[in-house]
Amino acid sequence: MDFSLTDDQRAIEDAARAFAQAELAPHSARWDAEKHFPVDVLRKAAELGFAGLYVAEDVGGSALARLDASIVFEQLSYGDVSTAAFISIHNMASWMIDRFAGDELRKAYLPRLTSMELIASYCLTEPGAGSDAAAMKTTAKKDGADYVLNGSKAFISGAGVSDVYVVMARTGGEGAGGVSAFVVERDFPGLSFGAQEKKMGWNAQPTAQVNFDDCRVPEANRIGAEGDGFKFAMAGLDGGRINIASCSLGGAGFALDTAKAYLENRKQFGRALKEFQGLQWRLADMATELEAARLMVRRAAHALDQKSPKATQYCAMAKRFATDAGFEVANQALQLHGGYGYLQDFPLERIVRDLRVHQILEGTNEIMRVIIAREIFK
């Protein structure tokens, strides 16, 4: 058992860190304030291979391992949580096409997705089907050489801006077995978008409802066989949970480092805050929780790479623990700043707002407990 990174992984980490420092961190506060979606910067990330991290090389992907991707997302989110999280969603959607679609569909879309000439979104959640995703009502009815989609998807990152939507829709009966997956282009007739959501955080990426009103999608754009879409979606979420947990690590790591610097420089009662044992212990606990979370995330990523039968359980455990720990570390870092932490002139309130949603998306942390318990009692 070796916990050290390989030379290649160190090089990947260094590249992601350098990109985050140069292209993300200097703009993070402005993007949040202006609700700006930095498409130009996303395409710069794609030039480094970050838009197709675990997509095959024959269509422009980097063909990296899930552990490698986790390292990348941790470093990117240290610079900007919201942008790193969107890149993770784009990767999840692209991987589903790469892993489950036929060669014709792969080659039609993935070269442009891995370069981020096209930007992708993932469409599973609906207004009436959140945690109970298999209860989705969006339908896809066969009509000649097309499917006709009707329904809505909710809380879709990139909605209205993304070029490609990986959509789960019901082609058969009730339950998971009646769901299929499709690639839907933004310009397909019948596709429309709701108003942009007003969110607590993740302001550097758009979020809106995606609506299908007799939206015609060619049969060739179905991913895999009819009835396999829900299975594909869940497979995508195993990796997505590692990714979002990794984004929590990066945001929390930034918060921890910011708090450490504040304790070193801020003086009260005639001495630096770092000299008070109570505050030392708090920072020690924050660092310990963060390191424990990182170990769990990398263990889950390794299990997914090795196709372990316990991979789903480990991914759920890592997502639950790391996103809870990451939010708590950021919240404690804000508390250590006192009133300054509450001001937008300081970065902590933004980190707290951005990390909060990680406990909700890619499956709420309550659903993570359901998955873990189900695996325990098999």
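For the structure itself, consult the block above.
So, here's what we can say about the structure. (Residues numbered from 1 in each chain as written. Predicted model: local features only at pLDDT ≥ 70, side-chain atom pairs only at ≥ 80, totals over all residues. Heavy atoms only, no water.)

1. Let's talk about the overall build of the protein
Counting its secondary structure elements, the protein contains eleven helices and ten strands. Relative to its length of 378 residues, the protein is compact, with a C-alpha radius of gyration of 21 Å against a globular reference of 21 Å. C-alpha extents for the protein along the principal axes are approximately 80 × 45 × 40 Å. Put simply, the protein has 378 residues, and 54% of those count as buried. (Helix = DSSP H or I, 4+ residues; strand = E, 2+ residues; numbered from the N terminus. Rg over C-alpha atoms; globule rule 2.2 N^0.38 Å. Buried < 20%, exposed > 50% of the residue type's maximum accessible area, 1.4 Å probe, protein only.)

2. Overview of the pairing of strand 3 (residues 146–157)
Side-chain positions along a regular strand alternate between the two faces of the sheet. Note that strand 2 (residues 139–143) and strand 3 share five bridges and pair antiparallel. Considered in strand 3, the bridge of Thr139 is made with Asn150. Linking two consecutive strands that pair antiparallel, namely strand 2 and strand 3, is a turn of two residues; a positive phi of about 65 degrees is found at Gly144 within it. With ten bridges connecting them, strand 3 and strand 7 (residues 207–218) associate as antiparallel partners. Bridge pairing links Lys153 to Val210 in strand 7. (Pairing = 2+ DSSP bridges.)

3. Focus on the pattern of salt bridges
In total, this model carries 25 salt bridges according to the counting rule given. For the salt bridge of Lys44 with Glu23, the shortest nitrogen-to-oxygen distance reads 3.4 Å. Here Lys44, found in helix 3 (residues 39–47), pairs with Glu23, found in helix 1 (residues 7–24); they are 21 residues apart in sequence, far enough to count as distant. Exposure remark for Lys44: the relative accessible area of 36% places this residue in the partly exposed category. When the shortest N-O distance is used, the salt bridge between Arg353 and Asp32 registers 2.8 Å. Residue Arg353 is found in helix 10 (residues 348–356), and its partner Asp32 is found in helix 2 (residues 28–34); the two are separated by 321 residues along the sequence. On the accessibility criterion, Asp32 (11% relative accessible area) is buried. Via salt bridges that share partners, Asp58, Asp98, Asp103, Arg106 and Lys107 belong to a single interconnected network. (Salt bridge = Lys/Arg side-chain N within 4 Å of Asp/Glu carboxyl O.)

4. Structural notes on the packing of helix 4 (residues 66–79) against helix 7 (residues 229–265)
For the pair helix 4 and helix 7, interaxial distance at closest approach is 7 Å and the crossing angle is 40 degrees. The crossing of helix 4 and helix 7 is right-handed. For the pair helix 4 and helix 7, contact is made by Arg66, Ser70, Phe73, Glu74, Ser77 and Tyr78 and by Gly239, Ile242, Asn243, Ser246, Cys247, Leu249, Gly250, Gly251, Gly253, Phe254 and Asp257, respectively. Taken together, the residues of the contact of helix 4 with helix 7 sort by class into six nonpolar, eight polar and three charged. (Axes fitted to C-alpha atoms, helices over the stretch in contact; angles between N-to-C directions. Left-handed = near helix turned anticlockwise from the far one by under 90°. Contact = heavy atoms within 4.5 Å. Nonpolar A, V, L, I, M, F, W, Y, C, P; charged D, E, K, R; others polar.)

5. Describing the packing of aromatic side chains
A full pass over the atoms with the stated rule returns nine aromatic pairs. Measuring from centroid to centroid gives 5.5 Å for Tyr78 and Phe254, while their planes differ by 90 degrees, and the two rings are edge-to-face. Here the residue Tyr78 occupies a position in helix 4, and Phe254 occupies one in helix 7, the gap between them amounting to 176 residues. Accessibility expressed as a relative area gives 33% for Tyr78, which makes it partly exposed. Measuring from ring centre to ring centre gives 5.3 Å for Tyr340 and Phe346, while their planes differ by 45 degrees; the resulting arrangement is tilted. Sitting above the plane of the Tyr54 ring, Arg66 keeps its charged end 3.7 Å from the centroid. Positioned over the ring face of Trp95 is Arg66, at 4.7 Å from the centre of the ring. (Phe/Tyr/Trp six-rings, centres within 6.5 Å; stacked < 30°, edge-to-face > 60°. Lys NZ or Arg CZ within 6 Å of the ring centre and 35° of its normal.)

6. Examining the layout of surface pockets
Quantified by volume, the largest pocket comes out at close to 1,100 Å³. Taken together, 39 residues line the largest pocket, and the ones lying closest to its centre are Thr125, Ile360, Leu361, Glu362 and Gly363. Taken together, the residues of the lining of the largest pocket sort by class into 21 nonpolar, nine polar and nine charged. Taken as a whole, the second largest pocket spans an internal volume of roughly 520 Å³. Together, 18 residues line the second largest pocket, and Arg66, Trp95, Arg99, Leu304 and Lys307 are the ones closest to its centre. Elements represented by at least two residues in the lining of the second largest pocket include exactly helix 5 (81–100), helix 7, helix 8 (277–305) and helix 9 (311–336). Among the elements that line the lining of the second largest pocket, the one with the most residues is helix 5, at four residues. (1 Å grid on protein atoms, 1.4 Å probe; cavity = no way out; pocket = protein on both sides within 12 Å on 5 of 7 lines; lining within 4 Å. Points joined across faces, edges and corners; volume = space filled by probe spheres on them.)

7. Some thoughts on the nonpolar core
Core analysis: the largest hydrophobic core is formed by 102 residues, its most contacted members being Leu76, Tyr122, Met168 and Ile223. A total of 15 residues in this core trace back to one element, the largest contributor, which is helix 7. Once residues within four sequence positions are removed from consideration, Tyr122 is found in contact with Ile89, Met92, Met96, Ile156, Val166, Met168, Ala233 and Leu237. In this structure, Tyr165, Val167, Ala169 and Phe182 belong to the second largest nonpolar core, which totals 18 residues. (Core = buried A, V, L, I, M, F, W, Y, C linked by side-chain atoms within 4.5 Å.)

8. A few points about the side chain of Asp80
Tracing the sequence through the fold places Asp80 in the loop between helix 4 and helix 5. For Asp80, which is buried and forms no salt bridge, the nearest opposite charge comes from Arg350, at a distance of 4.8 Å. Of the polar contacts made by the side chain of Asp80, one reaches the side chain of Thr83; its length is 2.5 Å. When sequence neighbours within four positions are dropped, the list of residues in contact with Asp80 reads Leu24, Ser28, Trp31 and Ala204. (Lys, Arg positive; Asp, Glu negative; His and termini not counted. Polar contact = N/O pair within 3.5 Å; in protein donor to acceptor, adjacent residues only side chain to side chain.)

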